[in-house]
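# Observations on chain architecture
The primary structure of each chain is shown beneath.
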Amino acid sequence: MPQTITRGYKTLLDEANAKIRTVPVTEAMSLHGREDVVFVDLRDPRELEREGRIPGAVHCPRGMLEFWIDPESPYHKPAFAQDKTYLFFCAAGWRSALSAATAQDMGLKPVAHMEGGFTAWKKVGGAIESTEPKKT
Ligand SMILES: O=S(=O)([O-])[S-]
């Protein structure tokens, strides 16, 4: 029997976007490199290897987000314990919207997400560096 999805991704995105701050990519470029702003890259490792990364961004695979943010979690990362603005991004802006809303719900602040994600960043000529594949 097929499943009935009662709250689809569009609803989730609409709800997230209604409560978070969205930063246009041109504004994000002016924030890049500032000491008081942390860029958080939510993409999967393979996307970083394929597309490159924004220099200085913290890579947080989306699946670990809540556990890296919460200081009570055994997986907590100090990168999320700073008195700074957190600017989330992914490839196109969907994962970052959901993640920014979750982070905000958890109490992280201030939080925003970059409109259009890495794709938009690349299009406007934002700084990119290559990522070496992890040796196993
Ligand atoms: O989440 S996504 O916008 O990068 S497909």
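- Under the annotation held in an unreviewed UniProt entry, the chain carries the name Rhodanese-like domain-containing protein and is attributed to Microvirga terrestris.

### Concerning the site of the ligand
- All residues adjacent to the ligand are Cys90, Ala91, Ala92, Gly93, Trp94 and Arg95.
- Interatomic distance of 3.1 Å between a backbone N/O atom of glycine 93 and an oxygen atom of the ligand.
- Measuring from an oxygen atom of the ligand, one finds a side-chain N or O atom of arginine 95 at 2.9 Å.
- Computed on the free molecule, the ligand has an accessible area of 210 Å², of which 76% lies beneath the protein chains in the complex.
- Residues of the shell around the ligand, tallied by class, amount to 4 nonpolar, 1 polar and 1 charged.

### Section: the environment of glutamate 129
- Turning to its location among the elements, glutamate 129 is positioned in the segment after α6 (117-123).
- Non-local contacts of glutamate 129, meaning those with residues more than four positions away in its chain, are made with Gly52, Arg53, Pro55 and Gly56.

### A short note on the side chain of serine 96
- The residue serine 96 is located in helix α5 (residues 94-106) in this model.
- Ignoring sequence-local partners within four residues, the contact set of serine 96 consists of Leu42, Phe88, Phe89, Cys90, His113 and Met114.

### With respect to the packing of helix α1 (residues 9-19) against α5
- One way to put it is that α1 packs onto α5 with a least axis distance of 9 Å and a crossing angle of 55°. The angle between α1 and α5 places the two elements in the oblique class. Crossing angle aside, the handedness with which α1 passes α5 is left-handed. Judged by residue contacts, Tyr9, Leu12, Leu13, Ala16, Asn17 and Lys19 of α1 engage Trp94, Ala97, Leu98, Ala101, Gln104 and Asp105 from α5.
- In terms of residue class, the contact of α1 with α5 is built from 8 nonpolar, 2 polar and 2 charged.

### What to know about the UniProt feature "domain: Rhodanese" (unreviewed entry) in the chain
- Look at the UniProt record and you will see "domain: Rhodanese" (unreviewed entry) annotated at residues 33-130.
- For residues 33-130, helix accounts for 33% and strand for 16%, while the C-alpha atoms at its two ends are 17 Å apart.

### Overview of the packing of aromatic side chains
- Scanning the entire structure with this criterion turns up 4 aromatic pairs.
- Seen from their ring centres, phenylalanine 39 and tryptophan 121 are 5.8 Å apart, and the 70° between their planes marks the pair as edge-to-face. On the criterion of sequence distance, the pair formed by phenylalanine 39 in strand β2 (residues 37-41) and tryptophan 121 in helix α6 is long-range, its members being 82 residues apart.
- The lysine or arginine in question, arginine 43, covers the ring of phenylalanine 118, its NZ or CZ lying 4.0 Å from the ring centre.

The rules behind each value
Residues numbered from 1 in each chain as written. Predicted model: local features only at pLDDT ≥ 70, side-chain atom pairs only at ≥ 80, totals over all residues. Heavy atoms only, no water. Near = heavy atom within 4 Å. Polar contact = N/O pair within 3.5 Å; in protein donor to acceptor, adjacent residues only side chain to side chain. Areas by Shrake-Rupley, 256 points an atom, 1.4 Å probe, with all protein chains shown as cover. Nonpolar A, V, L, I, M, F, W, Y, C, P; charged D, E, K, R; others polar. Helix = DSSP H or I, 4+ residues; strand = E, 2+ residues; numbered from the N terminus. Contact = heavy atoms within 4.5 Å. Axes fitted to C-alpha atoms, helices over the stretch in contact; angles between N-to-C directions. Parallel < 35°, antiparallel > 145°, perpendicular 65-115°, else oblique. Left-handed = near helix turned anticlockwise from the far one by under 90°. UniProt positions renumbered as here; feature names shortened; annotations may be inferred. Phe/Tyr/Trp six-rings, centres within 6.5 Å; stacked < 30°, edge-to-face > 60°. Lys NZ or Arg CZ within 6 Å of the ring centre and 35° of its normal.

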